[in-house]
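Coordinates in review
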Amino acid sequence: MRFQHLRFAALLSLLAVSAAAPALAQSGLNPTFDRDPHQAVDQEYTKKMKEYTTDSAYTSPLVDYLPASNTVPTPAKVLGDVAGAPNMLPYAEDTYKYFRMLERSSPRVKVVTIGHSEEGREMIAVAIADKDLLDKQKENDARLAKLADPRLIGMDDAKARALVDASFPVYYITGTIHSPETGAPTALMELAYRLAVDDSPYIKYIRSHMIVLITPVVEVDGRDRQVDLYKWHRAHPDLQYPRLVYWGHYVAHDNNRDAMGMTLNLTNNVLSTYLGWHAQVLHDLHESVPLLYDNTIGDGPYNAWIDPLLADEWQELGWNNTAQMQSFGMPGVFTHGDFDTWSPGYLMFLAGLHNGISRLYETFGNGGADTEKRILSPEDYSRTWYRQNPPPPVLTWSQRDNNNYEQSALLTTLSYFSKNTHHFLENYYRKSKRSIEKPATEGPVAYVLPKNDAEANRQVQLLKTLQLQHVELSQLDEAATVSIPAAKRGDKPTTVNLPAGSYVVRMDQPFSRIADALLDKQFWAPDDPQKHPYDDTGWSFPQLFNVKVVRVTDVAFAKNKMSPLPDPSVATGHVDGTGSLFAVSNTGQTSLLGLVFKLKPEHVSIAEKAFDQDGKHFNPGTLLIHDLPDTDVTAALKTASLDSVRIATMPSVATHTAAAPRIAFMHSWLATQTEGWWRYAFDKAGVPYDYISTQTIGGMSDLRGRYDVIVFAPVGHASSDQILNGTPMYGNATPWEKTDLTPNIGVLDHTTDTRPGMGYDGLKHLREFIEKGGLLITCEDTAQFAIEMGLAPGVSVSRGDARVVGTVLNSTFVTPEHPAAWGYGANLPVMSADGMTFSVSNTIGGRGGRTLMDPYQQRPTGRGLVGDADFPQGRKIIEPEPLPQPKPWEPRPLNEEQLRNNPSVIPEQYRPEVVLRFTETKDLLLSGLLDKGGAIAEHPIVVDAHLGAGNVLLFANNPVYRGETVGSYPLVFNAIMNFDHLQRQPPAPKKDAAKKEAPMEK
């Protein structure tokens, strides 16, 4: 009995100690995250945090309190409530206001401007560390710069070791690149306060061993619009609120796909900050997965150009972070997942291919600050090997819950990183050194763009894109010859002569990996275990820019004499020859149309055929500039990166005056994501336009009187019904207008109600616009809309079972004399999203008559073999009319039987013209994933359909995509520049028919 009594007393004592433990060691059994017991807690703020946390499981000992400070304001000073409070979202400016208050009140905080958005809004970075570290930041940065570029220390590991010992790292966190993902700004406000104020030993260790750098709002234009919408929602709580139609000035969700093309201000600002601070990590915060998905590890296939050390760092940080979060008992935290880490287009990948560590969280957001009941899908709450503690299937979720998860995960990973700074700095150096050593290890030695005047305009654009990636460029001082390995096994090596002046991207430089990833080709195996690629599988920039690039593996090439190239644009803008006319040969430059607008069309003629003059060859579409001062022309040519030749007289071939057409850019209120890339390209090329919507044209009875060209860029997976009818009209109107309540909305366009679509009046006016001689340009879903609405007679969408996911495919010109094709060679690489193609017919509504049995492919049972004809017995043999065998890009020819009294036959001048088609199967794949390519091989992808006196240009590929498809831009610009010369003339009447129709003499 006594023994049992003592054991019971011991159990009571143990329970008492356990109950008191949280007051002594807030992290329970793990002392890593113990608080400072002497630091006061802000009781009022802490009480509010707990009130807004919907379940005690959705917080951690790291963030279930807030330390008090007599001098440093909490986020409530600006927000009026705690971070993550319901019913409240701060504008970017309010967030900045708080960070600058922190800076004024704490020596541990420094705020810098890192750039501005397209609409002029500021972007900031906030550095947090002990004052001693911030004071030494410049000296530390100088050391990190040497680790980032080991050439500065002679690639000497001993010197690097001393630098690593003396240095401290920089961990860069970015938030809210996706505007509807709203929680990061407040989470990062509170995180910054904790890092600056909290005296818990682990936080003191973080700020004494590293700089935490924070950009709280990446997409600042979209953030302010999202806050406007949320305010509208709060003012009208019982109404359906508008969707965020516009995020940034150009694009929405795709702003996180710009890390290759570097087109957006936010991408350039973040990369410049990351590299300018010589950070080791870029950690991007997102919100779309319950409850926290650390996709640092992701899934295969991994990008083929990363350093293996990075893959190890992903595993190390991801699993450690998840394990720490699991130790707090927080449900729904996992890593691995099904996000492949193949494409380098994501913002975080700016670090991964610049010798750092790319990381990304997906937490669970409500798209605002409402506390909501959330019902999850089975794939979200199911248990699997990498998610043993999944989220509950139904939960009440708040923005505070989201903030708890974001901060808890960040604090644990920052703590781990701070305790392993030497390890990560050493890896940073090793990755940089291995990038420089690339030519001597895995290769290649360099990529070379042979000097080629015909490609110079596009070469300059590709080189400038590489410069935005901070890649070093060189130029050959003398001609060189290189041996190129055989393209296929069994073939012999070839020799390539490279002219002096050729552009060289050497691989013995710190950022060789991003250059290698962009300039190489990609291959995604059709049988890869990853069956759902997350984004594009191919992106080879030489192909998409339509320039020749030579991959050099011969190590001797690096010994050739070459010079740095600080400004690629010096290679263009040259004028040769003498004479009063400037001839700019069309070689597929993207800036010809912009030049016409700049110089005014009355001073520009366009040659309709190729010609030779003064020893030079000029392509169809050559611009002939006249009657302008030389200085005006040469300045414009330089700005447009165009070369020219002076000639004395106009060529003898047919010419026409260039058009500077009145362009309308038409968008749908369904989405503005994909068309935004088109607007960006037009703005960059200097092509002016009016911006209208599908709703607008319903009230424009004379579209043709206003415009010559309407560009209807892709909506993005929209059905024809959605484009025509919009979204359901149940309930209330959803306005997109600038008001006192929503001052950031309605900047680009506005409407009282985003729900209506084009409507039948709009469709009628659009049809009349075309019939009266207008040009409508369509692409992907808008091309399908034009076809299904009867605006493209004789064209249908053809969808086979080919598997294409953002793949670069090869195409060939069918009608090289078509103005859209001017300046191109025989082939053109194109980006295909899903393998969409067209079929063409000489009749309305079909391919020109049904053929139930093709005797060239099959035959019934009878005499002979499969290639022989079967003959009925007992009568004279009559040979059948030979059946046509059209190619996949051709319409089926019509015979007399099919032409007789057939109102569906399209007159010859109105039949669709195939401009561009896919190549045959063996040549089709250029980069990415292609399976069952035979289903789309040789099918049309660009078709000019004729309706009345006008044209509908249909694209199955997207020629203007993410700033990457520069090589196919001229297809669009050529067509616009020659919109009034796309019509075909009716065939001359046959002589016999003319005789029959001659009036009888009286």
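Residue indices follow the written sequence of each chain, beginning from 1 at its first position. Whole-chain, interface and lining totals are the exception, using all residues; otherwise, since this is a predicted model, local features are given only for residues with pLDDT of at least 70 and side-chain atom pairs are given and counted only at 80 or more. Excluded from the side-chain calculation are hydrogens and water; included are all heavy atoms of the structure.

Thoughts on the overall build of the protein
Each helix is a run of H or I in the DSSP string that is no shorter than four residues. Each strand is a run of E no shorter than two, and both are numbered from the N terminus. Helix and strand counts for the protein stand at 29 helices and 39 strands. Taken along its principal axes, the extent of the C-alpha atoms in the protein is 135 × 70 × 70 Å. Burial classification: accessible surface area is computed with a 1.4 Å probe over protein chains only, and a residue below 20% of its type maximum counts as buried, one above 50% as exposed, and the rest as partly exposed. Classification of the 1002 residues of the protein by burial places 58% in the buried group. We call two residues contacting when some pair of their heavy atoms lies within 4.5 Å. Summarising the internal contacts of the protein: among those between residues at least 6 apart in sequence, 80% fall at separations of at least 24. Across the protein, the mean location of the 94 positive side-chain charges is 2 Å away from that of the 117 negative side-chain charges. Here Asp and Glu are counted as negative and Lys and Arg as positive; His is not counted, and neither are the chain ends. Positions of charges follow a simple convention, taking NZ of Lys, CZ of Arg, CG of Asp or CD of Glu.

A few points about the pattern of salt bridges
When a carboxyl oxygen of Asp or Glu lies within 4 Å of a side-chain nitrogen of Lys or Arg, that pair is called a salt bridge. Tallying each qualifying case throughout the model produces 44 salt bridges. Of the charged contacts, one joins Lys48 and Glu51 as a salt bridge, the two residues approaching to 3.9 Å between their closest N and O atoms. One end of the pair, Lys48, and the other, Glu51, are both in helix α2 (residues 43-52), three residues apart, so they sit about a helical turn from each other. By relative accessible area, Lys48 is classed as partly exposed at 31%. When the shortest N-O distance is used, the salt bridge between Asp135 and Lys131 registers 2.6 Å.

Some points on the sheet that holds strand β11 (residues 446-449)
Any two strands with at least two DSSP bridges between them are considered paired. Reading across the sheet, the five strands line up as β16-β11-β15-β12-β17 and stay open at both edges, with antiparallel pairing between neighbours. In this open sheet, the two edge strands, each paired with only one partner strand, are β16 (550-552) and β17 (562-564). Taking the axes of each pair of neighbouring strands and ignoring which way they run, one obtains an average angle of 30 degrees across the sheet. Sheet topology note: the β11/β16 ladder contains three bridges and is antiparallel. Where helices are involved, their axes are fitted lines through C-alpha atoms of the stretch in contact, as for all axes, and angles between N-to-C directions lie from 0 to 180°.

Considering the confidence of the model for the protein
When pLDDT is low, close inspection of the predicted coordinates is not appropriate. This prediction gives the protein a mean pLDDT of 94; 95% of its residues lie at or above 70. pLDDT is defined as a per-residue confidence score from the predictor, taking values between 0 and 100. Note on residues 1-26: pLDDT is under 50 here. Beyond four places in sequence and across chains, it has five contacts. In this model residues 996-1002 is a low-confidence stretch, pLDDT under 50, and it forms zero contacts with partners more than four residues away in sequence or in other chains.

Notes on helix α8 (residues 184-197)
Residues separated by three or four positions in an α-helix point in the same direction, a consequence of the helix having 3.6 residues per turn. Taking 1.5 Å of rise per residue, 14 residues should cover 20 Å, and α8 covers 20 Å from first to last C-alpha, within 8% of that figure. With 14 of 14 residues buried, α8 lies mostly within the body of the structure. Multiplying 1.5 Å by the residue count of a helix minus one yields the expected span of that helix.

Brief notes about the packing of aromatic side chains
Any two rings among Phe, Tyr and Trp, with Trp reduced to its six-membered ring, count as a pair given centres within 6.5 Å; such a pair is stacked if its planes are under 30 degrees apart, edge-to-face if over 60, and tilted if neither. Under the defined criterion, the tally for this structure stands at 36 aromatic pairs. With centroids separated by 5.8 Å and ring planes inclined at 65 degrees, the aromatic side chains of Phe33 and Phe328 adopt a geometry described as edge-to-face. With Phe33 in the loop between α1 (2-24) and α2 and Phe328 in the loop between α12 (308-327) and β7 (333-335), this pair connects stretches of sequence that are 295 residues apart. A connected cluster of aromatic rings, assembled from ring pairs, spans Phe665, Phe682, Tyr689, Tyr691, Tyr969 and Phe973. A cation over an aromatic ring shows up here: Lys419 above the ring of Tyr205, its NZ or CZ 4.9 Å from the ring centre. Each ring is checked for a lysine NZ or an arginine CZ that lies within 6 Å of its centre and within 35 degrees of its normal; such an atom marks a charge sitting over the ring.

Focus on the UniProt feature "domain: Peptidase M14" (unreviewed entry) in the protein
UniProt positions are given in the numbering used here, feature names are shortened, and annotations may be inferred rather than shown by experiment. Mapped onto this structure's residue numbering, the UniProt feature "domain: Peptidase M14" (unreviewed entry) falls at residues 96-225. Helix makes up 51% of residues 96-225 and strand makes up 20%, while its end C-alpha atoms are separated by 16 Å.

Comments concerning the domain arrangement of the protein
Domain assignment breaks the protein into domain 1 (95-434), domain 2 (443-569), domain 3 (573-657) and domain 4 (663-798 + 839-846 + 886-896 + 903-916 + 939-978). Inter-centroid distance (C-alpha atoms) of domain 2 to domain 4 is 36 Å. With eight residues of domain 2 at the interface, the matching set in domain 4 holds eight residues. Put simply, buried area is the surface a 1.4 Å probe can reach on two separate parts but cannot reach once they are joined, added for both. For the pair domain 2 and domain 4, the two sides together bury roughly 670 Å², of which 52% comes from carbon and sulfur. When the buried surface of domain 2 facing domain 4 is broken down by residue, Asp536, Leu544 and Phe545 rank first, second and third, together holding 53% of it. Taken together, the links from domain 2 to domain 4 amount to two salt bridges. Of the charged contacts, one joins Asp535 and Arg962 as a salt bridge, the two residues approaching to 2.7 Å between their closest N and O atoms. Think of a polar contact as two N or O atoms within 3.5 Å of one another; within protein, one of them needs to be a possible hydrogen donor and the other a possible acceptor, and neighboring residues in sequence only count if both atoms come from side chains. Remark: the boundary between domain 2 and domain 4 carries five residue pairs in polar contact (both at pLDDT 80 or more). Taken together, the elements giving at least two residues each to the side of domain 2 that touches domain 4 come down to α17 (456-468) and α19 (541-544). Taken together, the residues of the side of domain 2 that touches domain 4 sort by class into three nonpolar, two polar and three charged. Domain segmentation is taken from an automatic or database assignment of domains. Note that Gly is not counted as nonpolar here; it falls among the polar residues with everything else outside the nonpolar set of Ala, Val, Leu, Ile, Met, Phe, Trp, Tyr, Cys and Pro and the charged set of Asp, Glu, Lys and Arg.

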